[in-house]
Each structure stands twice: as structure tokens, then as C-alpha cells.
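# Architecture at a glance
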Amino acid sequence: MMSSSINRRRLVQASSSVLMLGTLNSITGRSWAASNELRVSVGGGEWGKANIEAYVKPFQAETGIKVNPITDDSTIAQLELMVTTKNVTLDVINLGAPSVAIAGPRGQLEQIDYSIYKKDELDGILDFAKEPFAVGSLMYANVMVYNTEKFPAGKPRPTTWAEFWDVKRFPGVRVLPTGQRGVEGPWEEALMADGVPLNAVYPMDIDRIFKSLDKIKPHTRKWWGVGSEIQQIMHDKTADLVNAFDGRASQLINQGAPLEINRNQAKLRWDYWAIPKGSPNAANAQKFIEFATRADRQAVFAQLMNYGPTNRNAFKLIPEKVARKLASHPDYMAISLPWNAKWYSEIGAGGLTNGEQLRQRWNEWVLL
Amino acid sequence: MQTLQKLGRMPIGLTVPALTILLVVFGLPIVLLFLTSVNAPALSLSNYQAFLRQPANVRVLFQTIQVSVVATAICLIIGYPMAYLITAASKRVRMVLLVLVIIPYLTSLLVRTYAWIVILGDSGLINNLLLSTGLISSPLSLIYSRMAVYIGMVHIMLPVMILPLVSVMMGIDKSLVAAARSMGAPPFAAFWRVFLPLSLPGLRSGLLLVFVFCLGFYITPAALGGLRDAMLSTLIAAQVASSFNMAQTAASAFILLGIAAVMLSVLGLDLADTKTHGTRLARKSWRSGLPSFRALTRDLNELASPYRAKRWTAKLYQAGGSSGLWTTLGTLFVLLVMLYLLFPSVVVIIMSFSGGEFLEFPPSTLSLKWYSSFFGDPSWTGAAWMSIQIGVAVAVLSTIVGTLAAYGLNRTFPRLRSFLTLIILAPITFPSIVVGIAAYFGLLNLGLIGTKTGIILTHSIGAIAYVVVIVSATLANFDRRLEQAAKSMRAGPLQTFRRVTLPLIRPGVMGGALFAFIHSFDEVVKTSLVSGFSVRTLPLKMWENIRNQIDPTIAAVASLLILLPLLWLLVLYVTGWRPRPRAQNVLPDAVS
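Residues numbered from 1 in each chain as written. Chains lettered and ligands numbered in written order. Predicted model: local features only at pLDDT ≥ 70, side-chain atom pairs only at ≥ 80, totals over all residues.

## Some thoughts on the overall build of chain A
The cut-off we apply is this: Elements are defined by DSSP. Helices are runs of H or I of four residues or more, strands are runs of E of two residues or more, and each kind is numbered from the N terminus. Comment: burial labels come from other C-beta atoms within 10 Å of the residue's own C-beta, placed from the backbone, where a count of 20 or more is buried, 12 or fewer is exposed, and between is partly exposed.
What chain A contains, in helices and strands, is 17 helices and nine strands. Projected onto its principal axes, the C-alpha coordinates of chain A cover approximately 70 × 70 × 50 Å. When burial is assessed residue by residue, chain A has 51% of its 368 residues classed as buried.

So this is what it looks like as C-alpha cells:
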């Protein structure tokens, strides 16, 4: 490797000086600032493709507004940097509910203009999806998933979190989501396991959460962090009973994996469309979000990618077979617990938000 | 040209380009971040106190140090003999071994982590093998344990340990060891008292790079670790993702830098100062231990030395080999390490031909569809081309600037050298997310957010650190009298550098360039922040993909990346590795 280095080095240098010159041109190549195309973050993979098919393309066709779908991940850190430095390079951003709960009050999102929505569409959209700074884009859930080889149809199966916690009746390896982000974690499930009824989970008793988690910890193999991780764990049959995203489990079930979803006591969660404060095309961004939350559009999306609509009217247009796979199906909604953004951002003891308290407490507890 | 010559006469001036890039892209914003962390202008340590008051943080801090020390030690134990054996091999074998060591480094971190899950998992390769042979009745818990963390981390860090060692060992004059043997030193003593001290600069560079990197690890421990295996960077990343409090994040980042600084001072910051430090260390360790036993063995040694010297002369003229046992053991060791290094890559390549929708091993059906999905999708090929362009530009820029800086640092007085080295190392010590935030502010002032130039500069601040560390190690063993000799023959400083210094430190420069390229090619956290959603590199594209679904396209991409160094090897083989007449004006061209 070393002997021929000079030749190679020279070659690399010669070719790269051309490259370097090329890159100088790109300094002036910041096209988005000038043009009025709408830059929308749509996420990657199949999800991004479904967003483009269901929303981006029809929106361009209807309004004539050019949309540039950005398939990178968008995070709260990027939002904060863009907004505080007044260098906003996205017009529509895709954020999880916890991020909206933080960014909204910090003044980093534009107010949503609900006056441009048709009345029946607006009525169809679930209440918690109509925030002042964001509109719900899709719904999913943390559900219980069990291995059907370990828990076959004829024998008793766990159907509540209390039964998930009951390692004597249902022996087997458990896997639960990590709580290191504070705002998301197995908190609600821990309380339900301890006997708290669905409608009395909030406001949550933090001490009681960790007392309940103490009981399940010795039987847990892994705290998972991202969706692809739990998908791999279910695929590899590392655990017999898991708390996973419903979409990840459905994908594997569609492929023939020996898994089944229990939707009882599921935790409903959702993502939002939002507009970063100072977006150069805020007016068109409002139009895009209004378009993307219409019932007919969400019905198309749900059939491409099995995530639930936030607009209830969409279910009139979705075949029952598909609708049964969606977290926001009316039957499932009745037995699910919606995640409560308000509680997490409330300031509790010690001047910290409840979410922050959970994060610190988790970091300590997990090392014990 | 004249300014350059002036710079050449004032060695410390050579560090100016490197420090300028650092200062503009990273330095000023990081000072601002530091001020934020101490609540300027009020100036209080409340953020640091808040950090240390949480017992969890302190415990994770210790755990981070512990994991990093152990991982570094394993790298040392495997890496040093490996580097020694690579150096001792014939030129062709050495070449092949070096390329093979580098291959796993080119497989994206994410993909490699998945490969380990496939290998170590409960229904993974190892467990399946043991179950089918009947050695065990239920799967071993290999994955989700501290051991899995070490396996994954050492696998990633081993090349970083081996390359600086090889670049230094290749510069060691083997006749020195032979001379020691001829004076009657037993093989081990000749190694311990001659070879080892001379290789210390490489050892220190390797230890430093590995340890500093381990401190900042988070993807691997999070994916392979058990319930308790949290690292400080995991905590920081989670904090950024959940609430993004700049002051607190900055405070934890500076605590991490503090640990790295302590580590640097323990190892000896002076990457260039070898002679004194090296022998001191060797002598100290020689003296420690059981004194009486040592004295006895030494006396026995002295007695036997004339006999050994005689035998050495006899041996010298013997045809062929030394003891066959050692050769066999050495070969076995090399093969085992290579198996460890390359097996995950092999798994990735096989998985890339899977016909299923998931990464699985062994694949249930075979197909080339993930390759066609790569080549048929302009967003993949475009991202790959973008990454190559950026990687080459980063390698060139940081190799030139970094080599100059290492040369300058080598010629300046120790205290200033230590200080500047710490500054240059800061970008690889900080967690990526913090460097990314700092670089974002730096580039914003220059109007470079969302440009290739911006990304090149961001990658370069880390790449320069690599180059400086590795080139410094090579320079440490450099005999300065060779330069004086050239100058006495009326060679100018530039000519001396080009004709004498550069050829001698070439292994280090090449190693540095390679690391610079790979550093750029696998970077995702910083890039995602400064890309402004406008420039898409291959890692960004892979990351976007892996977060949403694990489709085998990433395995196909990883396999294609593995192919790159193999092609290079082939090209070198075909061209016959002939040293060509050296090109004139290599350096001036590059600088001007």
C-alpha cells in the first residue's frame, strides 16, 4: 500500500483539484432560498414513498404548486437550529407529538390557519390532532405482541398489561421500549399493570411507575430504542412477549411471522405536520397541510402504508380488511389510551417537566 | 510561494492552515457553547453542578470510562501483535493484510452492527451452530450483554489501533534489533528494550485515537448492549432528541472533553516527543516488579550473553527459517484476527443477495434485486457519487493541512505542542452531535449551510485530527539529521521536505489520508445538521432508510463499498507495484 503511494497521491491530487473547483461553485447554488417551491419533509423508506404518492403528487396536480419532498429525517434539534438562526430550509416539517409539545410553546412553529379547512373535514379530525401549531398526520400505537408458537391460539394468552407482568402465569422473555427519552417509555403500561384503570392513568404517579417496572425488569431482555430494532427482535424471536409499534408487527405478520397483536390497552400515538417559524412559503405550507389531512387523501395513504388516519371520515373510504390493521380504527380507539402531551410538559417537583423527571429517574433506575 | 517558504522557516507557522479551518468552522462556536454552558455573562457552574448532582450521570460517566478503557486494552492486546506480524510479513502479504484490515472499516457502522446481531443473536449463527452440534441445549445469551458491546466496539476500533502502529513500525530500522541480538540479547529482550520503545509513538497514537473514540460511542453500545449498558453519549443524544437544552448539552460535552484531556496528559500529550519518554517508560517498567528475581534473571542473562551472541552469528548465515512453531502460531493468530475482522463483512455480503424483504441469514431465496434497486434508483447512486466527491476532497484537504500541522508541531517546543494538539483533537473528542451544532453555527456565518463546501469543511475538522495524530507518530521516529544533511547539501526547506522528509513519512501520510476519507464517508450526525436538507450523502441516505425499514439495499451498498478496496488491490496487482520515478513538484502543486 505504501510503495505506490506517491503515484496514487498525485493522481488523487490532480483529480481532486478539479473537484475542489467544482465545489466552489456550489456555494452559490442555494436554490431553495430564491425559488418558491415548497420543501416538505416526508421521511424515508416506504413511509416517504407513501407520503409522496398520497399527498405530494396529487397536491402538485391540484394546486400547481411545486413540491420538493425531502426524505431526510427531521428532528427537533434541526428545527431549533433552523429557526433560531433564521435559516429555515423546510416549509413543512414532520414531527412526533413530544417534539411538537416542546417546539410549540418555544415559539418555533407557525400558528395553523384552521379557517381554510372545510367544516366536515375539520369535524372529522380527532380533537387531539388539532393543535394550535400542528395537525395530526398519522396514528400508530404501542401494542402487546406475542409469539404464537409460545402462546398458541388454544391456550390462555395475555390480554392486559397486568397479565404481561404476570411472569408466573405467562413465563417467557419480555422486551420493552426504553425510557431514556423521558417523553416516551413504558410508563403507562407499568401503571396499567399495577392495576390503574385506563381512564385514570393520567396524571401519572412516577414512584408507582418505577415500583411496577422493578417487577418486570428481571424478566426483560432489552430496552429497545428505535422501530427497526424491535422489528429485528420480533423477527429473530429473541423475546416471547414484547411491547412494540403496531406497524412494525403488522409488517412482519404480513410476511408470515408467527406473531399476533393484542390491541387491548394499546397506547395511541401520532405524528404531526407543522410549519417551522419563518418558513418562506408559509401560506402554501398551510395549503399543503390542509390537503394532507383530508379524509380521501388519508384513506389513500392508509392503504399504501398501514398507519391510521387522524381524520375519522377516512374510514368510510377504507376497506374493512385494511381498516382492521389501523391503530385509529374506532373499535380500537375505544380500548386504547391516547398519549397525553399536556401531562408530560407540565412542570412538576423540582421545577422540571414530568417528561424530564422521568428521563432522569430512568437513567438512574436503569443502572441499578 | 514566498510566504510558504517563510512559513517553512518558522515551523509553528505550518499549523496555521489547520488551526484556521478549526477556528472558523468549529473554534468560535465552541467558545460560544462553552460560554453558554457557564451561563455567560452571569458565569455560574450551575449546569455542571446539575450534571454532577444526578447520581445517574456520574455513574454513566464512570461506566463510559470503564468500557472505553477495557475496549482500548483489548484493542492493544490484539492490535500490537497484529501490527507487528503485518510489518514483518513480505511486501505483498503486508499489502494484502493491510487492505483486509481496512475492509471492515469501510462497512458502514450501522450495517456492521446489524451483522453482529445476526451473528450473536439468540437464533443467530453462533447459537445455531452450537445448538445443531448439540453442545448446548438452549441458546446462549451472547447478544444484549457487555461482552457483545466489547465485540462490536473492538471490531470497529481495531483498524484504528493497527494502522498507526504499522506506519510507525515500518519506519523502525530492523538492523537495530539484529544488532541487539548480535550483542547477545535474547529475542524477548531485544524486542522489549529496542523494538518496543521505538514503536511507542505508534502505540500512543493508537491508544489515544481508540480511547477518545470509545468515549463518544453510542450506536453500538445501544444496539448490542444489555439493560444497563448506557454510555454518556447515549444520554447526551437522548437529551438532545427529547428536549434540546443547549446549555446542559454543552456542559455534558465539556465534561467528556475533560476526561479526554486527562487521558491525554496520562498518555503524554506529546505525540512527537518519543526518545526521552519512550526509554523512560521502558526502563521504569523494567525496574518494577520483583527486584530480586529481576536481578537474578539479569545476572543469568549477562552470563549467557556471549554464548547467545555466538549462536546468533551462526544462525545469521543459516538458510531460511527461525523456529517453525512461532511462525505457525503467528499465522494462526493472524488468521483468527482476520476471521474476526472479516466475518461480519462476509455475512453482510451474503445477506445482500437475499430475495426477502428483510436482512436475514442465511437468505431464504437468492436474488440480485437489491443491487438493481441500488443502481436503478438515482437517489442512491447520486448519494454515493456525492459521498465519493466529498470524501476525496476531505482526504486531500485534511491530508495536506494535517501533514503540515504535524510537521510544524513536531518542530515546536513541547508545551505549545501539547496545547495545540489538544485543540486539534477536540473535534473527535466531542460527541458528534455537539460538533455538528458548533459547525452549524460556524458555517452559518460563512453562508455555507447546505453546500458541499460546508460539509467538506465540517468533515475536515475531524479528519485533520486523524492525520495529525498518525503523521505525528511517524515523524516521532524521524531522524532529523537526514534533513540537516540535505540542507547542508544546499537543498532548500521545500526541496528537503519533498525529497527527504515526505518519502520517509509517506506511510503515515497515506494512513492519515485513508482515515480522513473513511471518516468523511461514514459520517452521519454532523452531516445531517449542516446539510440543510439540501445535500444528500450516502450515509444520510442509508440512515434514513434504516430508521424506517431494514431493507437489504443497505447490505448491497455495504457490499459494494467492500468491493472498492479489493478493486484497488487488483489495480495495484495489475500495475505490478513498481515504484515509479517520483513526480516533481508534488507538494507545491497541492498547496498552491
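## Brief notes about the overall build of chain B
Put simply, the rule reads: Any pair of residues counts as being in contact when their C-beta atoms, constructed from backbone geometry, are within 7 Å of one another.
Across its full length, chain B holds 27 helices and zero strands. In chain B, 81% of the contacts between residues at least 6 apart in sequence involve partners at least 24 apart.

## Brief notes about the pairing of strand S5 (residues 174-177) of chain A
Residue and element names in this part refer to chain A. Convention followed: Here, a strand pair is defined by DSSP locating no fewer than two bridges between the strands.
On S5, burial covers both faces: Arg 174 and Leu 176 on one face and Val 175 and Pro 177 on the other are all buried. Both S5 and strand S7 (residues 241-245) contribute to a ladder of two bridges, which runs parallel. Of the residues in S7, the one forming a bridge with Val 175 is Val 242.

## Thoughts on the nonpolar core
Heads up, the rule is: What makes a nonpolar core is a set of buried Ala, Val, Leu, Ile, Met, Phe, Trp, Tyr and Cys residues, with links drawn between C-beta atoms within 7 Å.
Counting 266 residues, the largest nonpolar core has Val 92, Ala 134 and Ala 274 of chain A together with Met 157, Ala 405 and Ile 464 of chain B as the members making the most contacts within it. By residue number, the principal contributor to this core is helix H8 (residues 146-169) of chain B, which donates 17 residues. Within the second largest apolar cluster, five residues are counted, among which are Ala 180, Ala 185, Val 194 and Leu 198 of chain B.

## Examining the pairing of S7 of chain A
All names here are of chain A. For S7, a buried count of five out of five residues is recorded, marking the element as mostly surrounded by other parts of the structure. The sheet contact formed by strand S4 (residues 134-147) and S7 spans five bridges and is antiparallel. The residue of S7 that forms the bridge with Val 143 is Ala 244.

## Remarks on helix H18 (residues 378-410) of chain B
Cut-off, in case you're wondering: Take the number of residues in a helix, subtract one, and multiply by 1.5 Å to get its expected span.
For H18 of chain B, with 33 residues, the first-to-last C-alpha span of 46 Å sits near the 48 Å given by 1.5 Å per residue. Along H18 of chain B, 24 of the 33 residues are buried, which leaves the element largely enclosed by surrounding structure.

## As for the packing of helix H6 (residues 109-120) of chain B against H8 of chain B
Residues and elements named next belong to chain B. Heads up, the rule is: Lines fitted to C-alpha atoms define the axes here, with helix axes fitted over just the stretch in contact, and angles between the N-to-C directions of these axes take values from 0 to 180 degrees. Each angle gets one of four labels, with under 35 degrees taken as roughly parallel, over 145 as roughly antiparallel, 65 to 115 as roughly perpendicular, and the rest as oblique. Throughout, a crossing is termed right-handed when the near helix is turned clockwise from the far one, and left-handed when it is turned anticlockwise from it by less than a right angle. When residues are sorted by character, Ala, Val, Leu, Ile, Met, Phe, Trp, Tyr, Cys and Pro go into the nonpolar class, Asp, Glu, Lys and Arg into the charged class, and all the rest, Gly among them, into the polar class.
Between H6 and H8, the least distance of the axes is 11 Å, while the angle of their chain directions is 140°. When the interaxial angle is binned, H6 and H8 end up oblique. When the axes of H6 and H8 are compared, the crossing they make is right-handed. Here Leu 109, Arg 112, Thr 113, Trp 116 and Leu 120 of H6 come into contact with H8, specifically with Ala 148, Ile 151, Gly 152, His 155 and Ile 156. Classifying every residue of the contact of H6 with H8 by side-chain character gives six nonpolar, three polar and one charged.

## Structural notes on helix H3 (residues 45-63) of chain A
Residues and elements named next belong to chain A. The first and last C-alpha atoms of H3 sit 26 Å apart over 19 residues, in line with the 27 Å expected at 1.5 Å per residue. Within the sequence span of H3, burial applies to Trp 47, Gly 48, Ala 50, Asn 51, Ala 54, Tyr 55, Val 56 and Phe 59. Just beyond H3, the residue with positive phi is Gly 64, at close to 75°.

## Concerning the packing of helix H22 (residues 480-488) of chain B against helix H23 (residues 493-521) of chain B
Residue and element names in this part refer to chain B. Relative orientation of the contacting elements H22 and H23 amounts to 140°, with a least axis distance of 10 Å. When the axis of H22 is compared with that of H23, the two are oblique. The hand of the H22/H23 crossing is right-handed. Here Leu 482, Glu 483, Ala 486 and Lys 487 of H22 come into contact with H23, specifically with Thr 496, Arg 499, Val 500 and Thr 501. Looking at the contact of H22 with H23, its residues break down into three nonpolar, two polar and three charged.

## Side note on the environment of His 519 of chain B
Residue and element names in this part refer to chain B. With respect to the element layout, His 519 can be found in helix H23. Judged by the 23 C-beta atoms lying within 10 Å of it, His 519 falls in the buried class. With residues near it in sequence (within four places) discarded, His 519 still touches His 459, Gly 462, Ala 463 and Tyr 466.

## Concerning the environment of Gln 303 of chain A
Residue and element names in this part refer to chain A. Within the fold, Gln 303 resides in helix H13 (residues 295-304). What makes Gln 303 partly exposed here is the crowd of 17 C-beta atoms within 10 Å. Spatially, the C-alpha atom of Gln 303 lies 9.1 Å from that of Ala 50, the residues being 253 residues apart in sequence.

## Side note on unusual backbone geometry
All names here are of chain A. Cis geometry is adopted by the peptide bond preceding Pro 203, which originates at Tyr 202 and carries an omega value of -10°. Within the secondary structure, Pro 203 sits in the loop between helix H8 (187-193) and helix H9 (206-216). In this structure, Lys 237 takes a positive phi of about 55° despite not being glycine. In this structure, Lys 237 sits in the loop between helix H10 (227-235) and S7.

## Let's talk about the confidence of the model for chain B
All names here are of chain B. Short version of the rule: What pLDDT expresses is the predictor's confidence in each residue, scored from 0 to 100.
In this model, chain B carries a mean pLDDT of 81, and residues with pLDDT of at least 70 account for 85%. Here helix H27 (residues 586-591) stands out as the least confident element of chain B, with mean pLDDT 34; helix H4 (residues 55-88) is the most confident, with 93. Confidence drops under pLDDT 50 across residues 272-291; counting only partners more than four residues distant or on other chains, this segment forms 21 contacts. The complex model carries a pTM of 0.84, and its ipTM stands at 0.84.

## Quick look at the environment of Phe 353 of chain B
All names here are of chain B. Within the secondary structure, Phe 353 sits in the loop between helix H16 (324-352) and helix H17 (369-375). For the pair Phe 353 and Leu 28, spaced 325 residues apart in sequence, the C-alpha to C-alpha distance is 48 Å. Beyond its immediate sequence surroundings of up to four residues, Phe 353 is in contact with Pro 363, Leu 366, Ser 367 and Leu 368.

## Observations concerning the confidence of the model for chain A
With 90% of its residues at a pLDDT of 70 or more, chain A has an overall mean of 88. Here residues 1-34 of chain A scores under 50 on pLDDT; set against residues more than four positions off or in separate chains, the count is 50 contacts.

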